[in-house]
Amino acid sequence: MKIKNIFFSFVFLFALLFIGFLTNSINLLTDWWWFQELHLTDIFLKPLITQTLIGASVGIIAFLFLILNLLIASYAKIPWITFIPGQKLSITGRFITKLSIGISIVLALLLGFVSTVFWQQILLYFHQQPFGQADPIFNKDISWYVFSLPLYTLGLTIVQFLLLVATIGCGIIYTLRGSFHITQIFGSAIAKLIGAPPKKDEEITTGARLHVSFLVALFLFTIAIKTYLSMYGLLTSGSGLVFGATYTDVTVILPLLKVSAGVMAITGLFALWFGISGKRGLLLAGIGGYLLISAATGVIPSVVHRFIVAPNELVKETPFIKNNIQATQQAYGLSMVKENELSGDIELTAEDIQNNAVTINNVRLWDRGPLLSTFSQIQEIRTYYDFASIDNDRYIIDGQLRQIMLSPRELSSDSLPNKNWINERLVFTHGYGVAAGPVNQVTQEGLPVLFVKDLPPTSEKQELTVDRPEIYYGELSNDHVIVKTKAKEFDYPKGEENVSSTYAGKGGVIIDSLWKRIVYSLHFQSLKLLLSDDITTDSRILYHREIKERMTKAVPFLTFDQDPYSVIADGKLYWMADAYTISNDYPYSQPISLHGGQINYIRSAVKVVIDAYDGTITIYQADQKDPIINAYSSIFPGVFKPLSDMPDSLKSHIRYPEDIFTVQNNVYTTYHMDDPEIFYNKEDQWDIPAIAVQGEEQTTTEIPPMDPRHIIMKLPGEQQEEFILMLPFIPRGKDNLAAWMVARNDGEHYGKLSVYRFPKQKLIYGPKQVIARINQDAEIARQITLWDQRGSQVIQGPLLVIPIEASLLYVRPLYLKADSGKIPELKRVIVAYGNKIAMEPTLEQGLSRLFGTETDLTPTETTEENTTTTQTNNQSATEQELIQQANAAYEKALNALQNGDFATFGDEFQNVGDILKR
């Protein structure tokens, strides 16, 4: 019975191992085919080969080292004797040998497996590139800290673990055999203190003592080396006034670490001497000396800081504050920020508004949240379509630079009305088309004007024409699908019928053999994939279709921006994303949080383009100076294409990524202070304004800081408008505006950062102050209260900070959403400048009220449904047109009153009044 149980246990264990091996093999095979389809096999093979070599090398070395030492201890010519006082235990050398082999195998496998995780550090070490900058203390190139030091520390940790295990293991074996005793090292007094019986026979312990002492010496040497390397770690750690080594670190801790490393190295030699001679005095003295220095390292620095540094902290720490400021600015790409002074005294005029018509015409009145809700209601067409996000980009429309909000219409397989394998995998395989329109235009009903809409997508603008509207790869495409099958793929509904097509691209892995069908059936755990008659040898299977997952799998060693965006170029749909190289080992640079982790170095080094139809991934190196991406380019030659190879149609849509800009702004709030004394006193520290968007649910009680926004504007001193990313600053603890930072996006200016400062002695209203004044305005408060009481919800959009010339214009859109509906409508625009505030149906009307004149900025847009009025137009209408508009608004008001829709009635009735005033 016992033999039978053992047999079944072995069978069960073998089955588990076989299933695990089979699963991993299938995953590797499907990954290989996937990388092969993308022509990125180098990224698949090189890490796999490197991990295999690392794991095998570390495992074999660990096994040989452990088993050699344990077998030496086991086969020493010393008889086995009693090892527990008062008790005898029968142990044979054969048992110890088997146990040693088993332990060595397990630990070797464990070490080998763990070490494979560090394949990137090893490859980067052998392909490291110089930074061309040295640290201020040891004068070593930054590459030493980023590429070399982490690997040395890792290697030493593994070696220490092996030595510790070997020493303990051999010590236990020798103790079991009676050939090693505590009195050999610590003496009789300590042995008695811990209850160990004295050892009489000293002659038989010489070999054991020499062996264990040799291992102890090696272990002490590794401690000495690690202590020495920890000196460099002072520059990449923070426990003082600033991150990195401070006065106390350099003048006290650094010398103590050098002495400690030297003492430990000498103690290692004493351990060897003890093994040879059996004299333990020097070894105990060395250990005592090391413990004494360790105690001093814990006490002396605090005494020096309290009595020497603290009374003169600024004087003592000034050189190290300079090191921290300089390194932090370099690590975050802030050392080349161009600073500009704005007087804040220039008053805007109607002529300034007219001269900046392109900026005004591209004010982003449609915010992402309300617009996404509106798109979902008016353009999803069917329940199984979904708009996952709104992307903001610029296009040349009719010869003018226009800011466009664009959202792909993706397929949501979870929302299919009839969910079955054929529908989910063969028929409903892709989304279709986009909805796109200008950021500043609205119909008379308060809905967005659409340049691209409906199914099939129709475009009013040639520049936004989409000839290939199918979306097989997107933000919602999580499931695998099979294309080019006998089943027709659904495109879009048309009347009582559906329009279908067959995939004509080259994306996905071709299933041209029974072997592949079997592998994919096992991988996706689908027997239907194997048995379906719809699948042919021309069929292709598309998987890893969600673009973030796709990019991360294709280039796992990069960190991606959280906001990939869609682009229309050459009649096709693409996804563009930014990828960063990061490190947490840059000396003296202040760490900051990114995506839940800590970094202290970042570069926007890579642009990734994904074809929404084929899934093709093209990787462009955007930063030629970044040593980390240059190292990866050396590791994977041919993977990173030069940015100059990117087609112009795509290059015109490159934009400065938001994540790195947010990081840089957070760092710059403190590190714009170049003067160590100002930095020390935090005299001029800034903050990013925190503004709540009213009417939207907050996920936390804490109000988040403003997000950076892409806008089109003419920078002060420049001759033409451009696409920029900007964010304002306020003084810490205050609400007035201190400055604003911009990142430029276009052409040769791409990536250049500029900061525009306002004078400290002059009050420039900040976002919070403007919002407070808006909320205190009696007319605005009355209107919002009126709307909120009539079964509607008022959504106060984000406050837009619009730089015009050397001044700032604040704009805040108001959206109205019925409690029973989900379509937010843009109903009012609040404009604030200086001490003046206006709330009008259009931005142009608000500007006219503020600046006392009428301006004509953009033409009226016409659609099939009705004549739509832009938010920057209306004042140039003829008297007859105004009468028609007033009549139309009056009729809508009466209809709303009859239907009990008091919110619309109030809105349209006020609209009548506004038109009559004009």
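Note: the structure precedes this text.
Position numbers for residues count from 1 along each chain, tracking the sequence in the order it is written. Only residues with pLDDT of 70 or above have their local features reported here, since the model is predicted, and side-chain atom pairs are shown and tallied only from 80 upward, although totals for entire chains, interfaces and linings are computed over all residues. To obtain the side-chain values, all non-hydrogen atoms of the structure were used and water was disregarded.

A. Quick look at the overall build of the protein chain. Helical segments are the DSSP runs of H or I of at least four residues, strand segments are the runs of E of at least two, and each set is numbered from the N terminus. Of regular secondary structure, the protein chain possesses 27 helices and 35 strands. Only protein chains enter the area calculation, which uses a 1.4 Å probe; residues under 20% of their type maximum are buried, those over 50% are exposed, and those in between are partly exposed. Looking at the protein chain as a whole, 53% of its 918 residues are labelled buried. Taking the intrachain contacts of the protein chain between residues at least 6 apart in sequence as the baseline, contacts between residues at least 24 apart amount to 67%. Whether two residues are in contact is decided by their heavy atoms: any pair within 4.5 Å suffices.

B. Seen up close, helix α9 (residues 247-277). Expected span, for any helix, means 1.5 Å times one less than how many residues it has. If you check α9, its first and last C-alpha atoms are 44 Å apart, about what 31 residues at 1.5 Å a residue would give, namely 45 Å. A residue's bend is given by the angle between axes fitted to the 7 residues ending at it and the 7 residues starting at it. Within α9, the axis deviates most sharply at Ile253, by approximately 35°, and proline Pro255 lies no more than four positions further along.

C. Representation of the nonpolar core. We define a nonpolar core as any set of buried Ala, Val, Leu, Ile, Met, Phe, Trp, Tyr and Cys residues linked to one another through side-chain atoms lying within 4.5 Å. The biggest cluster of nonpolar side chains holds 197 residues, and the ones touching the most others in it are Phe557, Leu558, Val606, Ile619, Tyr632, Phe640 and Trp740. Counting residues per element, this core draws most heavily on helix α5 (residues 142-177), at 16 residues. Residues in contact with Val606, not counting those within four places in the same chain, are Leu558, Ala577, Asp578, Ala579, Ile619, Tyr620, Ala622, Ile629 and Phe640. Formed by 31 residues, the second largest nonpolar core is a distinct cluster that contains Trp366, Ala435, Val829 and Leu847.

D. Quick look at the sheet that holds strand β11 (residues 481-483). One open sheet accounts for 3 strands, arranged β11-β15-β14; its pairing is antiparallel. Each edge of the open sheet is held by one strand with a lone partner, namely β11 and β14 (509-510). In this scheme, strands are said to pair when DSSP sees at least two bridges between them. As paired strands, β11 and strand β15 (residues 540-542) are joined by 3 bridges and run antiparallel to one another. Within β15, the position partnered with Val481 by the bridge is Leu542.

E. Structural detail: a nonpolar patch on the surface. To count toward a patch, a residue needs a relative accessible area over 30% and no salt bridge; like charges are then connected within 9 Å, while nonpolar side chains (Val, Leu, Ile, Met, Phe, Trp, Tyr) are connected within 5 Å. The method behind every accessible area is Shrake-Rupley, applied with a 1.4 Å probe, and residues are considered shielded solely by the protein chains displayed. Basic side-chain nitrogens of Lys or Arg form a salt bridge, by our definition, when they fall within 4 Å of a carboxyl oxygen of Asp or Glu. On the surface, Val299, Ile300, Val303, Phe307 and Ile308 cluster together into a nonpolar patch covering about 440 Å² of accessible area. Within the secondary structure, Phe307 sits in helix α10 (residues 281-309). Judged by its relative accessible area of 58%, Phe307 is exposed.

F. Structural context of the environment of Ile837. Assignment of secondary structure puts Ile837 in strand β33 (residues 836-840). Of the residues examined, Ile837 reaches a relative accessible area of 16% and is grouped as buried. Considering only alpha carbons, one finds Ile837 and Arg773, 64 residues apart in sequence, at a separation of 8.3 Å. Apart from the residues within four sequence positions on either side, Ile837 is in contact with Arg773, Ile774, Ile780, Ile830, Val831, Ala832, Arg849 and Leu850.

G. Focus on the side chain of Gln441. Here Gln441 shows up in the loop between β7 (434-438) and β8 (452-453). With a relative accessible area of 2%, Gln441 lands in the buried category. A distance of 2.6 Å separates polar atoms of two side chains, one belonging to Gln441 and the other to Arg402. Between N or O atoms, a polar contact is any pair within 3.5 Å; within protein, one atom must be a potential hydrogen donor and the other a potential acceptor, and residues adjacent in sequence are included only when both atoms are from side chains.

H. Focus on the pattern of salt bridges. Applying the stated criterion to the full structure yields 21 salt bridges. Residues Lys607 and Asp578 are paired through a salt bridge, measuring 2.2 Å at the closest nitrogen-oxygen approach. Here Asp578 lies in strand β18 (residues 572-583) and Lys607 lies in strand β21 (residues 601-611), a separation of 29 residues in the sequence. We note that Lys607, like Asp578, is buried. Residues Glu722 and Arg744 are paired through a salt bridge, measuring 2.8 Å at the closest nitrogen-oxygen approach. On the criterion of sequence distance, the pair formed by Glu722 in strand β26 (residues 722-731) and Arg744 in strand β27 (residues 739-744) is long-range, its members being 22 residues apart.

I. Representation of the pairing of strand β31 (residues 807-818) in the model. Taking burial as the measure, the 12 residues of β31 include 10 buried ones, the bulk of the element. In this sheet, β31 lies alongside strand β29 (residues 792-796) in antiparallel orientation, the contact comprising 5 bridges. Paired with Ser792 across the strands is Ala818, a residue of β31. For strand β30 (residues 800-804) and β31, the ladder comprises 5 bridges, and the chain directions are antiparallel. Across the sheet, residue Ile804 finds its bridge partner in β31, namely Ser807. Adjacent in sequence and paired antiparallel, β30 and β31 are bridged by 2 residues, among which Glu805 carries a positive phi angle near 55°. As paired elements, β31 and strand β32 (residues 825-833) share 7 bridges and run antiparallel to each other. Bridge pairing in β32 places Tyr815 opposite Leu826.

On their own, these measurements won't tell you what the molecule is for.
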